[in-house]
Amino acid sequence: MTNTMNAFEGWKQQLWFIAELMIISAALSYLIKYGGAYLPLSGTSSQALFIVLLPTVVMAIALYLRYLFHKSKR
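The rules behind the values
Residues numbered from 1 in each chain as written. Predicted model: local features only at pLDDT ≥ 70, side-chain atom pairs only at ≥ 80, totals over all residues. Heavy atoms only, no water. Helix = DSSP H or I, 4+ residues; strand = E, 2+ residues; numbered from the N terminus. Patch = residues over 30% accessible without salt bridge, like charges linked within 9 Å, V, L, I, M, F, W, Y side chains within 5 Å. Areas by Shrake-Rupley, 256 points an atom, 1.4 Å probe, with all protein chains shown as cover. Salt bridge = Lys/Arg side-chain N within 4 Å of Asp/Glu carboxyl O. Buried < 20%, exposed > 50% of the residue type's maximum accessible area, 1.4 Å probe, protein only. Expected span 1.5 Å × (residues − 1). Bend = angle between axes of the 7 residues up to and from the residue.

A. Layout of the environment of S25. Here S25 is to be found in helix α1 (residues 2–35). Taking the C-alpha atoms as reference points, S25 and N6, 19 residues apart in sequence, are found 29 Å from one another.

B. Representation of a nonpolar patch on the surface. A surface patch of nonpolar side chains, amounting to about 880 Å² of accessible area, comprises L49, V52, L53, V57, I61, Y64, L65, Y67 and L68. Mapping L49 onto the fold places it in helix α2 (residues 45–73). L49 sits in the exposed class, given a relative accessible area of 52%.

C. Summary view of α2. For α2, built from 29 residues, the straight-helix expectation of 42 Å at 1.5 Å per residue is met to within 8% by its first-to-last C-alpha distance of 42 Å. Of all bends in α2, the biggest is about 35°, found at L53, and the proline P55 comes one to four residues later.

Structure (structure tokens):
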């Protein structure tokens with residue numbers, strides 16, 4: 001019975017994580033759609049490239065820091 005409860009708790013945590021991601025994604029989409037028009041950005045290609053590459057660079061840095069943290073923990 002405890003194994004079933006542990007498995008259920010794991011699924012519950014995963015579903016909550018997915019729900020959080022969806023809520024945050026919806027909020028960001030709303031902000032971009034309705035708040036983006038108020039940002040004074042000129043449409044240059046360098047700004048577009050920066051905006052497109054920024055999430056990838058941030059994720060790469062976060063994953064590298066996570067790797068370093070777990071490597072030093074061993």
